[in-house]
Amino acid sequence: MFAYYLDLALRSLRRNKVLTTLMVLALALGIGATITTLTVLRLLSGDPLPQKSAHLFYPQLDPNAKDGYIVGQTKPAPTMTYVDAMNLLHAHRAVRQAAMALSQAKILPQQGGKHPFFSDAVMTTADFFAMFDAPFQYGGGWTAADDDSGAQLVVIASFLNDKLFGGADSVGKTIRLNDRDFRIVGVLKPWAPQPRFYAQDLGGRSYGDGDAAFLPLRTARAIDMGPQDTECYAAVTDIKHLETAPCMWLGVWVELADDTAVADYRSFLSGYAQQQIAQGRFERPETALLDLMGWLRDQQVVPDDVRLQAGLAFGFLLICVVNTVGLLLAKCLRRSQEIGVRRALGATRREIFTQFMVEAAIVGMAGGVLGLLFAELGLLGIRHQPAEYASLAHLDLGMFFFTFVVALGASLIAGILPAWRACVLAPAPQLKAA
Amino acid sequence: MELGPILSTLRRHKIPALLLILEIALTCAIVCNAVFLISQRLERNKMVSGVAEHELVQLQVANIGKPANAKARAQEDLALLRQVPGVTAAALVNQVPFTNSSSNTSIKLDPTQKLPTLNATMYMGESLIGTYGARLVAGRDFNADEYMDFDAMRSDPDLQNKVGSVIITQAMAERLWPGESALGKNIYLGETSVRVIGVMQALIRPSLFMGDDAAQWTMVFPLRMSTASASRYVLRTAPEQRDRVLEGAAKVLRKADPHRIILKKETLDDIRSDFFRNDRAMAGILVGVIVALLAVTALGIVGLASFWVAQRRRTIGVRRALGATRRNILNYFQTENFLLATIGIALGMVLAYGINLFLMLHYELPRLPAVYFPVGAIVLWLIGQAAVLGPALRAAAVPPVVATRSV
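Keep in mind it's a predicted model, so treat the numbers as computed, not measured. (Residues numbered from 1 in each chain as written. Chains lettered and ligands numbered in written order. Predicted model: local features only at pLDDT ≥ 70, side-chain atom pairs only at ≥ 80, totals over all residues. Heavy atoms only, no water.)

### Topic: the overall build of chain B
Then, in step 1: Secondary structure summary: chain B contains 13 helices and 13 strands in total.
Then, in step 2: In terms of C-alpha radius of gyration, chain B reaches 33 Å, well past the compact-globule figure of 22 Å for 407 residues.
Then, in step 3: Its C-alpha atoms give chain B principal-axis dimensions of roughly 105 × 50 × 35 Å.
Then, in step 4: Counting only carbon and sulfur atoms, one obtains 58% of the accessible surface of chain B, whose full area is about 18500 Å².
Then, in step 5: With 44 positive and 32 negative side-chain charges, chain B shows a separation of 14 Å between the mean positions of the two kinds. (Helix = DSSP H or I, 4+ residues; strand = E, 2+ residues; numbered from the N terminus. Rg over C-alpha atoms; globule rule 2.2 N^0.38 Å. Areas by Shrake-Rupley, 256 points an atom, 1.4 Å probe, with all protein chains shown as cover. Lys, Arg positive; Asp, Glu negative; His and termini not counted. Charge placed at Lys NZ, Arg CZ, Asp CG, Glu CD.)

Here it is, written out as structure tokens:
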């Protein structure tokens, strides 16, 4: 029976080429726009570390002065002072914990004649790699003892290893960073969470290849590496000694095993804030402990422009669907006589309904195929945009199938009204009119 | 034109008529808002900087570590740069308009005040105002003996209190002392007070992270930078000599210190254009959406109208046989479309207003100016008429003899 409907539908569509083309084209445009913006939206709101994100948390405190504080409304500070970060780290209340800040490093290739260049660097503490599941190609991270001793060690990214050592095992070799020699203890496999969640609010880029070098925090500070972003909450006389200055510049991440651990850490955090208030260091009790995805939402990693574009695309799709409803309706009303004949020959209402839905579905599938083409064009356009995530906008397998789901869904919704109108037509008057 | 027959026909074809109205309404609502968004983006693109944009270039050099002779290095660099052919002024400055790196501070009007009055950006660098070409509208520029060394000031609280003067923008002055002259008044940075000695017409802050309203809250301090504290050399030259000056300056800087990395060398026009790239890209996307939307709506009208004409061939024939002219038939379909478009547009206006309210709430957009409504209406009327013209002409061409035939 289905084959018969298919045949009927194809015949009907072929009979009215202009109308069919208009329907398919409009639907395809709507679907193309929707899939393009959804792909970008999904890229931007995706989970950068799916296997681990539920266990990673970002604690926040607030050392700002009481002025301007409104209970329950003022958010805690996005970054931490060195003192607080170290206190939290040394309390060891989580499975793993690391503090980090972003910086730039001047790297001097050892090969003669090569120019020095700048790369993104992270100054952090020992747990960073294990906590974020950063995979090693060669070697490994450094230890907490190295953190304390300020050893001249570095972990480098695979792309830097490719550039400097042609991808060979470089563990044990030295590289020159900011005019000092550092011993390489580990080389990462290609690792670049998108977005780079640990860089949020530390003044770094959110997308791209990731950081080139990872250095122990104390070591980096000893050679005067400065953070990208510093926010001071009191007058500063000596910005060089950031460890003691009233300035916030570190992000801290902790790994917590389960809900109990999260609740415990939360109370530890507010206890810590209370304790600092008692000591006269803090004036505000506000703390926060967001999980990774919560932190990204809080940071609004998805730009307003992208949301706006997605909203526009959905509006566009809606108009296209309304358009398709109108055109399908026009087609089906035009065929009232044909329907009358089929009904008189014994076709049930359900069969007429199914027949028109099959027709709508065919329009939808054609719209989907063409829509896919438009989506590819749209994404090509997105890749030429100036945004830093632009180069990552590609259609993946999931979105490929989703395109057809949307196309079929849209066309079937559009088909319901015309199909229903067709199946409730009384056969007799149509036959008489003929 | 008699509306009666049109209305009674529409009443018998409610659903197609409603669909057409709905489509026009949605299109009207989205297009009005999209055009408004475009105008917002383009407006932003034109933001006033207050500097001699076409005459400025910058060279950003990397400074790693703190060379002991940073102060001498800066003076030597500047002396060399001023000798580059075409350079009329040069300054080593801490920040440049339309870059995303800036130095900001909160200021108060009274040291006992609990909350700061506003957050302003701090420009520093010897002869910065003259090099940038910022225009003073009141007071004076700094005297040569007013400048202090930034590095020394930074680490000595006593010296900080000696930075006695500041030049601010008109916008900031107006915000701090509405309707009064700012000259001679004091502002406080923490405990330190500085006196306003000059007012500039405009000087945009480098990064607009505080929002566009705060774009002109800018201060200039009489501080001399060294290569340890600043990395941007700004040169002024004739517009047509900018590229040559950049090349010459880069050569001079490399020669003075072969180990230094020149991170960037670009004209301020390029910097500005880069800064607003996202806005222009978004405006481009919106234009695309509008064109596509209007096209789809027009196609929808063509489709439905064609169907309508085909369905009413016989009625048209009867009317023609009864004496209706071709023009009458044409007018009939045009009026019908005008009627549907008008209802759609009216509905669309309400919807447009609703969408705008939503955008105002979620994206901090201003209210949609009323001028968009009549413009949107006219555009949709025109599109409706253009789209219906083809089918209506076909209808007008139906010969009266059709009336005598069975279908």
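Next comes the rest of the description.
### As for the overall build of chain A
Then, in step 1: Tallying secondary structure elements over chain A gives 14 helices and twelve strands in all.
Then, in step 2: Rg of the C-alpha trace for chain A: 30 Å, well past the compact-globule value of 22 Å for 434 residues, more than 25% over.
Then, in step 3: Considering only C-alpha atoms, chain A reaches an extent of 95 × 60 × 35 Å along its principal axes.
Then, in step 4: Burial statistics for chain A: of 434 residues in total, 52% are counted as buried.
Then, in step 5: Relative to all contacts within chain A whose residues are 6 or more apart in sequence, the contacts with residues 24 or more apart total 75%.
Then, in step 6: Total accessible area computed for chain A in this model is approximately 18400 Å², and 57% of it derives from carbon and sulfur atoms.
Then, in step 7: Charge separation in chain A, taken as the distance between the mean sites of 38 positive and 39 negative side-chain charges, equals 14 Å. (Buried < 20%, exposed > 50% of the residue type's maximum accessible area, 1.4 Å probe, protein only. Contact = heavy atoms within 4.5 Å.)

### A short note on the state of the cysteines
Residue and element names in this part refer to chain A.
Then, in step 1: Enumeration according to the criterion identifies one disulfide over all chains in this entry.
Then, in step 2: Each disulfide pairs two cysteine sulfurs, and for Cys232 the partner residue is Cys247, the sulfurs being separated by 2.0 Å. Taking the sign of the S-S torsion, about 95° here, the bridge from Cys232 to Cys247 comes out right-handed. Of this pair, Cys232 sits in strand S9 (residues 231-232) while Cys247 sits in strand S10 (residues 247-248), placing them 15 residues apart in sequence. (Disulfide = S-S within 2.5 Å.)

### Overview of the pattern of salt bridges
All names here are of chain A.
Then, in step 1: Under the criterion given, the structure shown has 32 salt bridges over all chains.
Then, in step 2: The salt bridge partner of Asp179 is Lys106, with a shortest N-O separation of 3.9 Å. You can see Asp179 sitting in the loop between strand S6 (174-177) and strand S7 (180-188) and its partner Lys106 sitting in strand S2 (residues 96-108), a full 73 residues away along the chain.
Then, in step 3: According to the relative accessible area criterion, Asp179 is partly exposed, its value standing at 38%. (Salt bridge = Lys/Arg side-chain N within 4 Å of Asp/Glu carboxyl O.)

### As for the interface of chain B and chain A
Then, in step 1: Taken residue by residue, the interface counts 41 residues in chain B and 41 residues in chain A.
Then, in step 2: Between Asp305 of chain A and Arg41 of chain B there is a salt bridge, and its shortest N-O distance comes to 2.6 Å.
Then, in step 3: For the interface between chain B and chain A, the tally reads one residue pair in polar contact (both at pLDDT 80 or more).
Then, in step 4: Elements that contribute at least two residues to the side of chain B that touches chain A include exactly helix H2 (14-45), helix H6 (157-160), helix H10 (277-311) and helix H12 (326-363) of chain B.
Then, in step 5: Take the side of chain B that touches chain A: its biggest share by element is 18 residues, from H10 of chain B.
Then, in step 6: Residue classes in the side of chain B that touches chain A are distributed as 27 nonpolar, nine polar and five charged. (Polar contact = N/O pair within 3.5 Å; in protein donor to acceptor, adjacent residues only side chain to side chain. Nonpolar A, V, L, I, M, F, W, Y, C, P; charged D, E, K, R; others polar.)

### Considerations on the packing of helix H1 (residues 4-12) of chain B against H12 of chain B
Residue and element names in this part refer to chain B.
Then, in step 1: With their axes 10 Å apart at the nearest point, H1 and H12 run at an angle of 65° to one another. Of the two possible hands of crossing, H1 and H12 adopt the one that is right-handed. Touching Pro5, Ile6, Leu7, Thr9 and Leu10 of H1 are Tyr332, Thr335, Glu336, Leu339 and Leu340, all from H12.
Then, in step 2: Of the residues assigned to the contact of H1 with H12, the class counts are seven nonpolar, two polar and one charged. (Axes fitted to C-alpha atoms, helices over the stretch in contact; angles between N-to-C directions. Left-handed = near helix turned anticlockwise from the far one by under 90°.)

### Describing unusual backbone geometry
Then, in step 1: With an omega dihedral of -10°, the bond running from Gln194 of chain A to Pro195 of chain A counts as a cis peptide bond.
Then, in step 2: Residue placement: Pro195 of chain A occurs in the loop between S7 and strand S8 (213-216).
Then, in step 3: Unusually for a residue other than glycine, Asn178 of chain A sits at a positive phi of about 45°.
Then, in step 4: Along the chain, Asn178 of chain A falls in the loop between S6 and S7.
Then, in step 5: Look at Asn178 of chain A and you get buried, because its relative accessible area is 11%.
Then, in step 6: Phi at Phe98 of chain B is positive, roughly 65°, even though this residue is not glycine.
Then, in step 7: Tracing the sequence through the fold places Phe98 of chain B in the loop between strand S2 (89-93) and strand S3 (104-107).

### Considering the environment of Val405 of chain A
Then, in step 1: Counting through the fold element by element, Val405 of chain A comes out in helix H13 (residues 397-423).
Then, in step 2: For the pair Val405 of chain A and Met365 of chain A, spaced 40 residues apart in the sequence, the C-alpha separation amounts to 9.2 Å.

### A short note on the packing of aromatic side chains
Then, in step 1: Per the counting criterion, the structure on display carries 30 aromatic pairs over all chains.
Then, in step 2: Considering the side-chain rings of Phe400 of chain A and Phe401 of chain A, the 5.6 Å spacing of their centres and the 85° angle between planes classify their relative orientation as edge-to-face.
Then, in step 3: Ring centres of Phe142 of chain B and Tyr147 of chain B lie 5.8 Å apart, and the angle between their planes is 75°; on these two criteria the pair is classed as edge-to-face. A single burial state applies to Phe142 of chain B and to Tyr147 of chain B, both of which are buried.
Then, in step 4: Members of the aromatic cluster, connected to one another through ring pairs, are Tyr58, Phe128, Phe129, Phe132, Phe136, Trp142, Trp191, Phe197, Tyr198, Phe214, Trp253 and Trp295 of chain A. (Phe/Tyr/Trp six-rings, centres within 6.5 Å; stacked < 30°, edge-to-face > 60°.)

### Some details on a nonpolar patch on the surface
Then, in step 1: Together, Phe2, Leu6 and Leu10 of chain A make up a nonpolar patch on the protein surface, roughly 260 Å² of accessible area in all.
Then, in step 2: With respect to the secondary-structure elements, Phe2 of chain A resides in helix H1 (residues 2-15). (Patch = residues over 30% accessible without salt bridge, like charges linked within 9 Å, V, L, I, M, F, W, Y side chains within 5 Å.)

### Quick look at the nonpolar core
All names here are of chain A.
Then, in step 1: Judged by nonpolar contacts, the single largest core of 149 residues is most densely connected at Phe128, Phe132, Tyr198, Phe214 and Trp253.
Then, in step 2: Of the residues forming this core, the biggest block, 16 residues, is contributed by helix H10 (residues 304-334).
Then, in step 3: Sequence-distant contacts of Phe128, that is, excluding residues within four places in its chain, are made with Ala98, Met100, Val122, Trp191, Tyr198 and Phe214.
Then, in step 4: One finds Leu61, Ile107, Phe182 and Val262 within the second-largest nonpolar core, a separate group that totals 50 residues. (Core = buried A, V, L, I, M, F, W, Y, C linked by side-chain atoms within 4.5 Å.)

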